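# Structural features, examined
This is what each chain is made of:
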Amino acid sequence: MPERRCRFDRGSGTPRRNTGSTSGGDDPSHSLESPRGPEGHPGSRANRPGERANDRRTRSLVSASPHLEQNGNAPDPGSVLGIRRLALGFLGLAGVTYALIVLGALVRAHGAGLSCPDWPLCFGKVIPAFDARIAFEWSHRVLAGSVGLGFLTLSALTLRKAGLRPQMGKGLLAAGLLLALQIVLGGLTVLRLLASWTVTTHLLTGNAFALALVLLGRKLWALADASGPDPSPRPEPATTSQKFAVVLAGALLFCQILLGGLVSSNYAGLACPDWPTCMNGEFFPSWRGAQGLHVLHRSFGYACFLAIFFAAWSGRNHRVVRRWLAIAALLVSAQIVVGITNVLLRLPVEITGLHSALAAGLVCCLGVAVREIARSPTPG
Ligand code: HEM
């Protein structure tokens, strides 16, 4: 039986003609146009009154999407499934990276960051003698290595499909660079004895890499949708003010994660031991040193809260971003409560871990919202 391929399959990347009457092509749920042509036989879909308009709409969607078969062939369900599996692979890897970020925060909160004093080995060995702290730090490294291997495998599988290369190449390159930077920063964090700038950039890059994996997974899923039987609609328009609100919230969140990393790596978590005031009944006793960092982190936290709620309100009519912004609004509310609890309970490791987990969740939701709103056309 001749093999049917769609444009994402391995090979030249050029769409190939369907040469066989295989199951996928005969299944109407996988056909964008009747194999007999638009006229068909009497009683065919195309000839039934009321369905011609649907067929016209389908044809216009075919020509609207650059990812669909344009030569009248049905897309290959096997290939669409392959792309979906890749998408799920990237999203799954984003989940593991998310766990890695939280594990990293717990390693730091347990004071285990230098339990393996050398890098890339631990006490000069691949598998050292363990105590609890060494096990913590070592498992962080092993999980990080697995994420790296997982990324390389998924990237290779994606790039093997020639039709995906132009769509995915740049994104994969950007994510690969983030991963390389993250590995170097992880090593420097140990070799520079937890210097504040390495800890903070390690935190930022880790979050950016997790977000990149989510975006890659979503993009592959969208490509599978566009080449499947039910093409996804075009991006929904967004007004300039909606775009501004979402991008502003994203920019503030970026600054807030940066400040959070600086607070923890400078051991400034208890520089303001009270709440709602910082210390001695004063809200802003100083803008300098550890206390200044802490005050700035709190202030940006409240600003993030307001900005994310404003963005959620502003984007409430946007079909795609509104759910991401709604989740972000929930997460930032929880984050403020957890941040305050962290101070009032004097930084217990569980709460510190939860604070990092919520921050990573916020990066993911708001990052997707920024990406989606950025690609939305502006009306008029
Ligand atoms: C949008 C809101 C917030 C975000 C996204 C955020 C994010 C972060 C991040 C990423 C860290 C670094 C965690 C790490 O190194 O593992 C951090 C640390 C910290 N944050 Fe926040 N934060 C927010 C609001 C707040 C608020 C309102 C407070 C207190 C009132 C607070 C208190 C702290 C403290 C005390 C630390 C240091 C924890 C430690 O040293 O273990 N945060 N934050």
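The present account deals with the structure reproduced in this document. Numbers given to residues run from 1 along each chain, matching the order in which its sequence is written. Reporting of local features is limited, given that this is a predicted model, to residues whose pLDDT is at least 70; pairs of side-chain atoms are given and counted only at 80 or more, and all residues count toward the totals for whole chains, interfaces and linings. Each side-chain value is derived from all of the structure's non-hydrogen atoms; neither hydrogens nor water enter the calculation.

### What about the nonpolar core?
Here is the rule we go by: Buried residues of nine kinds, namely Ala, Val, Leu, Ile, Met, Phe, Trp, Tyr and Cys, make up a nonpolar core once their side-chain atoms join them within 4.5 Å. When a residue's accessible area, from a 1.4 Å probe over protein chains only, is under 20% of the maximum for its type it is buried; when over 50% it is exposed; and in between it is partly exposed. By definition, any uninterrupted DSSP run of H or I lasting at least four residues is a helix, any uninterrupted run of E lasting at least two residues is a strand, and each is numbered from the N terminus. Throughout the structure description, domain borders are defined by an automatic or database domain assignment.
The biggest cluster of nonpolar side chains holds 56 residues, and the ones touching the most others in it are Phe90, Phe151, Leu220, Ile308 and Leu325. Residue assignment for this core shows that the elements contributing at least two residues are α3 (77-109), α4 (132-160), α5 (165-191), α6 (196-227), α7 (240-265), α8 (289-314), α9 (321-344) and α10 (349-375). A domain split of this core shows at least three residues from each of domain 1 (1-8 + 76-232) and domain 2 (235-380). Core analysis: the second largest hydrophobic core is formed by 5 residues, Leu259, Val263, Ala268 and Ala271 among them.

### Concerning the environment of Gly301
Rules: Any pair of residues with heavy atoms lying within 4.5 Å of one another is described as a contacting pair.
With respect to the helices and strands, the residue Gly301 is situated in helix α8. Those residues in contact with Gly301, other than ones at most four positions away along the chain, are Gln256 and Ile336.

### Topic: the packing of aromatic side chains
So the rule is basically this: Two rings belonging to Phe, Tyr or Trp (six-membered ring only in the last case) form a pair when the distance between their centres is within 6.5 Å. Interplanar angles under 30 degrees mark stacking, angles over 60 mark edge-to-face geometry, and anything in between is tilted. Placement of a positive charge over a ring is assigned whenever Lys NZ or Arg CZ falls within 6 Å of the ring centre and within 35 degrees of the normal to the ring plane.
A full pass over the atoms with the stated rule returns 7 aromatic pairs. Between Phe90 and Phe151 the ring centres are 6.4 Å apart and the planes differ by 75°, which places this aromatic pair in the edge-to-face class. Of this pair, Phe90 sits in helix α3 while Phe151 is found in helix α4, placing the two residues 61 residues apart along the sequence. Here the two residues Phe90 and Phe151 agree in accessibility, since each one is buried. Plain terms: the ring middles of Phe283 and Phe284 are 6.4 Å apart, the flat faces sit at 45° to each other, and that makes the pair tilted. Within the aromatic cluster, the residues linked to one another by ring pairs are Phe90, Phe151 and Phe209. In this structure, Arg84 packs its charged tip against the face of Trp221, placed 4.5 Å from the ring centre.

### Structural notes on the state of the cysteines
Cysteine pairs can be linked by a disulfide, which is a covalent bond between their two sulfur atoms. Stated precisely, the cut-off is as follows: Disulfides are defined as pairs of cysteine sulfur atoms found within 2.5 Å of each other.
Taken as a whole and judged by the stated rule, the model has 2 disulfides. Across the disulfide, Cys116 is cross-linked to Cys122 (sulfur-sulfur distance 2.0 Å). When the S-S torsion is -80°, as for the bridge of Cys116 with Cys122, the disulfide is left-handed. Relative accessible area serves as the criterion here: at 0%, Cys116 is assigned to the buried category.

### What to know about unusual backbone geometry
The step from Trp119 to Pro120 runs through a cis peptide bond, and the omega angle for that step is 10°. Along the chain, Pro120 falls in the loop between α3 and α4. Here the bond from Trp275 into Pro276 is cis, since omega is 10°, no more than 30 degrees from zero. Within the secondary structure layout, Pro276 lies in the loop between α7 and α8. Positioned with a positive phi, Phe123 is a non-glycine residue whose angle comes to about 55°. By relative accessible area, Phe123 is classed as partly exposed at 46%. The backbone of Leu194 sits at a positive phi, close to 60°, despite the residue not being glycine. Among the structural elements, Leu194 can be located in the loop between α5 and α6.

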